[in-house]
Amino acid sequence: MPLTPQSAADRARILTEALPYIQRFQGKTIVIKYGGNAMVDDNLKRGFARDVVLMKLVGMNPVVVHGGGPQIGKLLEKIGKKSEFIQGMRVTDRETMDVVEMVLGGLVNKEIVNLISQHGGKAVGLSGKDGGLIRAKKMVLQKAPDKANLPSEIIDIGHVGEVSSIDPRLVALLDTGDFIPVIAPIGVGEDGQTYNINADVVAGKLAITLKAEKLMLLTNTTGVLDKEGKLLTGLSITQVRDLIADGTIHGGMLPKVNYALDAVSSGVKTAHIIDGRVEHAVLLEVFTNEGVGTLIKS
């Protein structure tokens, strides 16, 4: 179908709008946490793969960290193992950890690598165990006592970890070779144990270690909303802290915002909480003036 003068003008405007962003972010590292609907809807999955391939082709260095909670839950259900959560964390015994590692480091990771390859990119799948990328330590949860003056109760949730350190050399090597790293959030402790780590946490810590230009967290929500339900963006660290203090940011959005704040406070230029349900959300956030989510800046 031939272009009309109006549609041709619209396309030209979009392309020229992208140019300054391509120039600004050339050679810069952008860490993307990939999860939610974007990982289960076929159109969104293909769109995400094309987005990161285009970013790489125009000179940016995208690094993908992915989750996989729903996929883990489905496989556990299939083998007859019930999922248990405490304070939002999956209780992960040895058998569950085997399933987590198989799903994250195998099935999900390789599907993302394959999709990127199908769209012309060169992706390499990693877990945090590869090359000593992610060192972890066991996460310890505490339960408040039922009565005053009693000590807190320690809750053991198994092979759930926190990031102790990240060695960026392997990711940097892949970047210089025009590869796109795709990382499963699994780490190894000094005791040799394997740990499942929250993907948002890994993405944030990786962005800090790599001195990334941007941290992008894909979600199943529009972004940070004010009390009237209006999308907020271009927020400073101080503004975000005020929104937390007055209860505007609460519930499930609070952890993601805190990971974003930690990144920006530690040297990452901007953090973005974006709506992964929007097709090509990553490109729209990077290459357009309006974006599709909440930008937090230092």
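Residues numbered from 1 in each chain as written. Predicted model: local features only at pLDDT ≥ 70, side-chain atom pairs only at ≥ 80, totals over all residues. Heavy atoms only, no water.

So, the UniProt feature "site: Transition state stabilizer" (unreviewed entry) in the protein
The sites that UniProt annotates as "site: Transition state stabilizer" (unreviewed entry) are Lys33 and Lys256. Annotated residues spanning 224 residues; largest pairwise C-alpha distance 10.8 Å, indicating a single compact cluster. Along the chain, the position of Lys33 falls in strand 1 (residues 29–34). In this structure, Lys33 is in contact with Val65, Gly67, Ala199, Asp200, Ala203, Met216, Leu217, Leu218 and Lys256, ignoring residues within four places of it in sequence. By the secondary structure assignment, Lys256 is in helix 8 (residues 253–265). (UniProt positions renumbered as here; feature names shortened; annotations may be inferred. Helix = DSSP H or I, 4+ residues; strand = E, 2+ residues; numbered from the N terminus. Contact = heavy atoms within 4.5 Å.)

Concerning the sheet that holds strand 11 (residues 186–189)
Strands belonging to one sheet form pairs held by backbone hydrogen bonds; the direction of such a pair is parallel or antiparallel. What the four strands build is an open sheet, ordered 9-6-11-12; its pairing is mixed. Strands with a single pairing partner mark the edges of an open sheet, and in this sheet they are strand 9 (161–166) and strand 12 (194–196). Each neighbouring strand pair of the sheet contributes to a mean axis angle of 50 degrees, computed without reference to strand direction. Against the sheet, helix 4 (residues 94–118) makes contact with strand 11 and strand 12, and its axis sits at roughly 70 degrees relative to strand 12, the strand it touches most. Strand contacts of helix 6 (residues 199–209): strand 6 (134–138) and strand 9, with the helix running at about 15 degrees to strand 9, the strand carrying the most contacts. (Pairing = 2+ DSSP bridges. Axes fitted to C-alpha atoms, helices over the stretch in contact; angles between N-to-C directions.)

Some thoughts on the UniProt feature "binding site: substrate" (unreviewed entry) in the protein
When the UniProt feature table is mapped to this numbering, "binding site: substrate" (unreviewed entry) covers Gly68, Gly69, Arg90 and Asn196. What stands out for the annotated residues spanning 129 residues is how close their C-alpha atoms remain, the widest pair being 12.1 Å apart. Assignment of secondary structure puts Gly69 in helix 3 (residues 69–78). Among the residues examined, Gly69 registers a relative accessible area of 32% and is labelled partly exposed. Looking at where Arg90 falls in the secondary structure, it is placed in strand 4 (residues 89–90). Arg90 has contacts with Gly69, Ile72, Gly73, Leu76, Ser83, Glu84, Phe85, Thr96, Ile157 and Val160, leaving out every residue within four places of it along the chain. A distance of 2.9 Å separates the side chain of Arg90 from the side chain of Ser83, its partner in a polar contact. (Buried < 20%, exposed > 50% of the residue type's maximum accessible area, 1.4 Å probe, protein only. Polar contact = N/O pair within 3.5 Å; in protein donor to acceptor, adjacent residues only side chain to side chain.)

Description of the packing of helix 6 against helix 8
Across the interface, helix 6 lies against helix 8 with an axial gap of 9 Å and an inter-helix angle of 10 degrees. The orientation of helix 6 with respect to helix 8, classified from their angle, is roughly parallel. On helix 8, the residues touching Asp200, Val201, Gly204, Lys205 and Ile208 of helix 6 are Lys256, Tyr259, Asp262 and Ala263. Looking at the contact of helix 6 with helix 8 residue by residue, the classes come out as four nonpolar, one polar and four charged. (Parallel < 35°, antiparallel > 145°, perpendicular 65-115°, else oblique. Nonpolar A, V, L, I, M, F, W, Y, C, P; charged D, E, K, R; others polar.)

Notes on the packing of aromatic side chains
For the structure shown, the criterion picks out two aromatic pairs. Sitting over the face of the ring of Phe179, Lys122 holds its NZ or CZ atom 4.8 Å from the ring centroid. (Phe/Tyr/Trp six-rings, centres within 6.5 Å; stacked < 30°, edge-to-face > 60°. Lys NZ or Arg CZ within 6 Å of the ring centre and 35° of its normal.)

A few points about the side chain of Thr29
Within the fold, Thr29 resides in strand 1. Not counting residues within four places of it along the chain, the set of residues in contact with Thr29 comprises Asn61, Val63, Asp175, Leu210, Ala212, Glu213 and Lys214.

Here we look at the pairing of strand 1
For strand 1, a buried count of six out of six residues is recorded, marking the element as mostly surrounded by other parts of the structure. On strand 1, burial covers both faces: Thr29, Val31 and Lys33 on one face and Ile30, Ile32 and Tyr34 on the other are all buried. Both strand 1 and strand 2 (residues 61–66) contribute to a ladder of six bridges, which runs parallel. Each bridged residue has a counterpart across the sheet, and for Tyr34 the counterpart in strand 2 is His66. Considered for its hand, the β-α-β crossover made up of strand 1, helix 2 (residues 42–57) and strand 2 is right-handed. (Right-handed = clockwise from strand over helix to strand, strands pointing away.)

Here we look at the pattern of salt bridges
In this structure the tally under the stated criterion is 13 salt bridges. Taking the shortest distance from any N to any O, the salt bridge between Lys33 and Asp200 comes out at 3.6 Å. One end of the pair, Lys33, is in strand 1; the other, Asp200, is in helix 6, and 167 residues separate them in sequence. Look at Lys33 and you get buried, because its relative accessible area is 10%. Its salt-bridge partner being Glu111, residue Lys45 comes within 2.8 Å of it at the nearest N-O pair. Of this pair, Lys45 sits in helix 2 while Glu111 is found in helix 4, placing the two residues 66 residues apart along the sequence. Judged by relative accessible area, which is 33%, Glu111 ranks as partly exposed. (Salt bridge = Lys/Arg side-chain N within 4 Å of Asp/Glu carboxyl O.)

Brief notes about the nonpolar core
Core analysis: the biggest nonpolar cluster contains 43 residues, and Ile32, Met55, Ile116, Val282 and Phe287 have the highest contact counts within it. Sorting elements by how many residues they give to this core places helix 4 first, with ten residues. Residues contacting Val282, with those up to four places away along its chain left out, are Ile32, Phe48, Asp51, Met55, Met216, Leu218 and Ile274. If you look at the next biggest cluster of nonpolar residues, it comprises 41 residues, including Val63, Leu133, Ile166 and Val202. (Core = buried A, V, L, I, M, F, W, Y, C linked by side-chain atoms within 4.5 Å.)

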